Amino acid sequence: MTCSIRHSQRWLQIENSSPDSLTPLLVNVGSKRLAGTRSGQKSRMDDTSGETNFYSNAEGYWKEVPPTVDGMLGGYGNISGIDINGSKAFLRKFLGEGEGKTSAGIALDCGAGIGRISKRLLLPLFKTVDLVDVTQEFLDKAKTYLGEEGKRVGNYFCSGLQDFVPESGRYDVIWIQWVIGHLTDNHLVEFLRRCQKALQPNGLIVIKDNVSYKGVVPDEVDSSVCRDLKIVRSLVSRAGLSIVYEEQQVNFPKEIYQVHSLALR
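Definitions and limits used
Residues numbered from 1 in each chain as written. Predicted model: local features only at pLDDT ≥ 70, side-chain atom pairs only at ≥ 80, totals over all residues. Heavy atoms only, no water. Helix = DSSP H or I, 4+ residues; strand = E, 2+ residues; numbered from the N terminus. Buried < 20%, exposed > 50% of the residue type's maximum accessible area, 1.4 Å probe, protein only. Contact = heavy atoms within 4.5 Å. Expected span 1.5 Å × (residues − 1). Pairing = 2+ DSSP bridges. Axes fitted to C-alpha atoms, helices over the stretch in contact; angles between N-to-C directions. Arc of directions from axis to C-beta. Core = buried A, V, L, I, M, F, W, Y, C linked by side-chain atoms within 4.5 Å. Polar contact = N/O pair within 3.5 Å; in protein donor to acceptor, adjacent residues only side chain to side chain. Parallel < 35°, antiparallel > 145°, perpendicular 65-115°, else oblique. Left-handed = near helix turned anticlockwise from the far one by under 90°. Nonpolar A, V, L, I, M, F, W, Y, C, P; charged D, E, K, R; others polar. Phe/Tyr/Trp six-rings, centres within 6.5 Å; stacked < 30°, edge-to-face > 60°.

*Asks:* A description of the overall build of the protein chain should follow, citing residues and the corresponding values.
*Replies:* The secondary structure content of the protein chain amounts to 7 helices and 11 strands. Put simply, the protein chain has 265 residues, and 54% of those count as buried. By sequence separation, contacts in the protein chain at least 24 residues apart represent 70% of the contacts at least 6 residues apart.

*Asks:* Quick one: what's the story with helix H6 (residues 185–197), residue by residue and with numbers?
*Replies:* With 13 residues, H6 extends 19 Å from end C-alpha to end C-alpha; this agrees with the ideal 18 Å at 1.5 Å per step. Along H6, the positions that sit buried rather than exposed are Asp185, His187, Leu188, Val189, Phe191, Leu192, Arg194 and Cys195.

*Asks:* Quick one: what's the story with unusual backbone geometry, residue by residue and with numbers?
*Replies:* Even without a glycine there, the phi angle at tryptophan 178 is positive, about 50°. Within the secondary structure, tryptophan 178 is located in the loop between strand E6 (171–177) and H6. Assessed through its relative accessible area of 1%, tryptophan 178 is described here as buried.

*Asks:* Residues and numbers for the sheet that holds strand E11 (residues 259–264), please.
*Replies:* A sheet is described by the order of its strands in space; here 7 strands give the open sequence E5-E4-E3-E6-E7-E11-E10, paired in mixed fashion. Each having just a single partner strand, strand E5 (153–158) and strand E10 (243–248) make up the two edges of the open sheet. Neighbour to neighbour, the strand axes of the sheet diverge by 15° on average, direction disregarded. Bridging between E10 and E11 involves 5 bridges; their strand directions are antiparallel. Residue pairing for E11: tyrosine 245 is matched across the bridge by alanine 263. In this fold helix H5 (residues 136–145) packs onto strand E4 (128–133) and E5, with an angle of close to 160° to the strand it touches most, E5. In the packing of H6 onto the sheet, the strands contacted are strand E3 (106–110), E6, strand E7 (199–210) and E11, and the crossing angle to E7 comes to about 150°.

*Asks:* Break down H5 for me, citing the residues and quoting the values.
*Replies:* The set of residues buried in H5 consists of Phe138, Leu139, Ala142 and Tyr145. Taken around the axis of H5, the buried residues stretch over an arc of 115°, which confines them to a single face. Where H5 terminates, the next one or two residues include glycine 147, which has phi positive at roughly 65°.

*Asks:* Summarise the nonpolar core; cite the residues concerned and give the values.
*Replies:* If you look at the biggest cluster of nonpolar residues, it comprises 34 residues, and the most contacted ones within it are Cys110, Ile174, Ile176, Phe191, Leu192, Ile205 and Leu264. Mapped onto this core, the elements with two or more residues apiece are helix H1 (48–63), E3, E6, H6, E7, helix H7 (229–238) and E11. For this core, the leading source of residues is H6, giving 5 residues. Within the second largest apolar cluster, 30 residues are counted, among which are Met72, Leu95, Ala142 and Leu146.

*Asks:* Describe in detail the side chain of histidine 182, supporting the description with residues and values.
*Replies:* Along the chain, the position of histidine 182 falls in the loop between E6 and H6. Polar contacts involving the side chain of histidine 182 include one to the main-chain carbonyl oxygen of serine 223, which spans 3.2 Å.

*Asks:* Outline the environment of alanine 107, supporting the account with residue identities and numerical values.
*Replies:* With respect to the secondary-structure elements, alanine 107 resides in strand E3. Spatially, the C-alpha atom of alanine 107 lies 6.3 Å from that of aspartate 130, the residues being 23 residues apart in sequence. Apart from the residues within four sequence positions on either side, alanine 107 is in contact with Leu122, Phe126, Thr128, Val129, Asp130, Tyr171 and Val173.

*Asks:* Describe in detail the packing of H6 against H7, supporting the description with residues and values.
*Replies:* One way to put it is that H6 packs onto H7 with a least axis distance of 8 Å and a crossing angle of 50°. The orientation of H6 relative to H7 falls into the category oblique. As for how H6 packs across H7, the hand of that crossing is right-handed. Residues Asp185, Asn186, Leu188, Val189, Leu192 and Arg193 of H6 form the contact with H7, whose participating residues are Leu235, Val236 and Arg238. Taken together, the residues that form the contact of H6 with H7 break down as 5 nonpolar, 1 polar and 3 charged.

*Asks:* Talk me through the packing of aromatic side chains; I want residue IDs and the actual numbers.
*Replies:* For any pair of aromatic rings, the description consists of the separation of the ring centres together with the inter-plane angle of the planes. If you walk through the whole model with that rule in mind, you get 9 aromatic pairs. Summarising the aromatic geometry, the rings of tyrosine 61 and tryptophan 62 are spaced 5.0 Å apart at their centres and angled 90° between planes, so their arrangement reads as edge-to-face. On the accessibility criterion, tryptophan 62 (0% relative accessible area) is buried. For the pair phenylalanine 94 and tyrosine 245, a centre-to-centre distance of 6.2 Å together with 65° between the ring planes defines the contact as edge-to-face.

*Asks:* So what about the pairing of strand E9 (residues 224–227)? Which residues, and what values?
*Replies:* For a regular strand, side-chain orientation follows a simple rule: the groups alternate between the two sheet faces. Burial along E9 is two-sided: Ser224 and Cys226 and Val225 and Arg227, pointing in opposite directions, are all buried. Alignment of strand E8 (residues 216–219) against E9, held across 4 bridges, turns out to be antiparallel. The residue bridging proline 218 from the neighbouring strand is valine 225, located in E9.

This is the structure in structure tokens:
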């Protein structure tokens, strides 16, 4: 699955909440009724009894999303070019020959959807790209959407990332964009550990995602969460990885949450 762009007006802006209150807030935006948590409140995604629903509801949501670029980006298809250009500039800082550089051999696109990132970012830079997504319809669409360059796709894996085990030592880059919000904290940590084992020497894991202003903000529409940057960094550390470079995506619409890219090893 891919994860929708985070629209800050659609989400509860919890930096204005009283931190000593543990009462959930409900806010109506258009026809959608979304839940938010105040600072310090435990997210429902880590409630064991709700974990199954957390994943099954997300799968159900994405099965209803059209397999288009606009669908992958939650109606923000117009920012795809800006996103890809920012990602190319970020990734090129690491690719090349020589000590400490990352080879451009095989990349993994996590939460690939129809292959938007594979088509515009990874296939132009890497010899081979694998795609993994939980929605088979998206992967089926990718086979035509990628066109002639799709011949350089090694594998299409249909799996949720909480269950996916990438092949040990296969990848130079593992790209994880707009999808970590569909994993519980523990599953994200475990997945990152598996990704670390799947890297080639000097390989790189990249997380690119929205970050909330404070705490964890759940979205009941697509059954996901948005974490603040401090929490994301702490989960990366729990996985035994280090952040070697980090930057904020620029030129995105002001109404969406900030998007940060983190390069991990």
